[in-house]
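Observations on chain architecture
In case you want the letters, here they are:
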Amino acid sequence: MREEIPKLVGRPVSPPVSFRDTVMKFSEIQQLEDDYQIATYKKMGIALDRGEGAWVWTSEGERYLDLYGGHAVCATGHSHPHVVAAIHEQAKKLLFYSNLVYSDMRGRAAEKLVSVAPPTITKVFFCNSGTEANENAMRMARMATGREKVVSFTGGFHGRTADSISATFLGRYREIGKPNVPLHVEAEFGSIGSVRAVADTETAAIIIEPIQSMAGVREAAPVFFRELRNHCDEHGIVLIFDEVQTGMGRTGNWFFSGSELADSIEPDVITLAKSLASGVPVGACLANDRVASCIQENDLGTTFGGGMLAMAAVLATIEAIEQDGMIENAQRVESQLRDAIRGAPYVTIVKGRGCLIGVEFKEECRPIHAHLLEKRIITGTSSDPKVLRLLPPLCTLPEQVELFAAAINVKGVLSTE
Ligand SMILES: Cc1ncc(COP(=O)(O)O)c(C=O)c1O
């Protein structure tokens, strides 16, 4: 029985403050954001209001097909009812308390996440974003080995905080992050010879984005991952897979780690964020015993990591993926997309796995991206100007892929034809 407590504060305001205003036109919303937000993002000319599955609706009530999944975040689709209900129930009970106390919700989310991870993974550390997960993963590797050097790969993206951006050998990111953290060394993605040349007994970690999404959905052969594992074992190096994009079912496997894409090898640490909680900000480092056992009290920490609201969203996200068979659906989406794109004009290669697909064109794909947006289909570009990226929700339906197929199979959009 719940004890009745007299209410001194916190009576609900009706209607809630954020919904009180009258509906705003797109031009007003745009003006308001531009007036008050630092101008660092390049935006599409729409404001979104609500979503359901792979559909989103603008402030003007127009429906768009979201094949970009809210920036690779909305794997369960927009506002999945199971996730929304879990957040709602938890919000009514307790929004937050830090790791100074125990929580059944935190325990359940951690247990569930470890249960779907590769078998050697036994523990999790929760934080708030992808870059924070990578910072902590590299810190754990340094603690576990007593070494400082970190090897990462040309084309990999690991985030924008100091250590993660220093591990990002892509475009001008390291430049943005100056001064860089010392002892970050670059190797060639997919080349074990290049790894052997730089990763040695002074190396704490090798961190790799197993499918390089931002770089244009670049892939490496499964044997490369086995060779990487062997090299790490021979030299006592911690192997970190940055699965911020590839994790949580996106490739048609719970994780790239341990799947046939990695020749079944498992890393020592897996980092996650993006779709881990369907849009509630959460990051995580999954670790095996070897690494986890090296971490002592106060070595890692963050105020918000593992908060109850976020944990409810993590647990419900995993349950939704399981209950709706989304991993199998991600595989189906891939094969349907491949069939649909195969004969499309201007396409040279289709890359990637599951719901992480790169479509390479004969020339720059910006006009295709703009054409699709005109047809009310949201897709993404990449650092490779020729590669269009698709990161659709794992619940994308056959008729939604058909809409994309019809829109992409048109001539006259690029100059080559
Ligand atoms: C592979 C990868 N790692 C790390 C990050 C950084 O994640 P966040 O933006 O949550 O810090 C990203 C973000 O795009 C990413 O794609």
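Rules of the game
- Residues numbered from 1 in each chain as written.
- Predicted model: local features only at pLDDT ≥ 70, side-chain atom pairs only at ≥ 80, totals over all residues.
- Heavy atoms only, no water.
- Salt bridge = Lys/Arg side-chain N within 4 Å of Asp/Glu carboxyl O.
- Helix = DSSP H or I, 4+ residues; strand = E, 2+ residues; numbered from the N terminus.
- Buried < 20%, exposed > 50% of the residue type's maximum accessible area, 1.4 Å probe, protein only.
- Expected span 1.5 Å × (residues − 1).
- Arc of directions from axis to C-beta.
- Contact = heavy atoms within 4.5 Å.
- 1 Å grid on protein atoms, 1.4 Å probe; cavity = no way out; pocket = protein on both sides within 12 Å on 5 of 7 lines; lining within 4 Å.
- Points joined across faces, edges and corners; volume = space filled by probe spheres on them.
- Nonpolar A, V, L, I, M, F, W, Y, C, P; charged D, E, K, R; others polar.

The next subject is the pattern of salt bridges. Summed over all chains, the structure comprises 16 salt bridges. Its salt-bridge partner being Glu62, residue Arg376 comes within 3.4 Å of it at the nearest N-O pair. One end of the pair, Arg376, is in the loop between α13 (366-374) and β13 (377-378); the other, Glu62, is in the loop between β2 (55-58) and β3 (63-66), with 314 residues separating them in the sequence. A residue is classified by how much of its surface remains accessible, and Glu62, at 27% relative accessible area, is partly exposed. Asp233 is the salt-bridge partner of Arg229, the closest N and O atoms lying 2.9 Å from each other. Residue Arg229 and its partner Asp233 are both found in helix α9 (residues 222-235); the two are separated by four residues, about one turn of the helix.

Turning our attention to α9. Given a rise of 1.5 Å per residue, 14 residues ought to cover 20 Å, and the 21 Å separating the end C-alpha atoms of α9 matches this to within 8%. The set of residues buried in α9 consists of Phe224, Phe225, Leu228, Arg229, His231 and Cys232. With its buried residues spanning 165° around the axis, α9 presents them on a single face. Seen from the buried face of α9, the exposed residues on the opposite side, beyond 90 degrees, are Asp233 and Glu234.

What follows is about the environment of Arg366. Mapped onto the elements, Arg366 comes out in helix α13. What Arg366 contacts, discounting residues up to four positions off in sequence, is Lys42 and Thr381.

Turning our attention to the layout of surface pockets. Here the second largest pocket defines a volume of roughly 920 Å³. Lining the second largest pocket are 30 residues, and of these Asn99, Val124, Phe125, Phe126 and Leu300 lie nearest its centre. For the lining of the second largest pocket, the secondary-structure elements that each account for two or more residues are α4 (104-116), β4 (121-127) and β10 (283-288). A class-by-class count of the residues in the lining of the second largest pocket yields 14 nonpolar, twelve polar and four charged.

In short, geometric facts, not functional conclusions.
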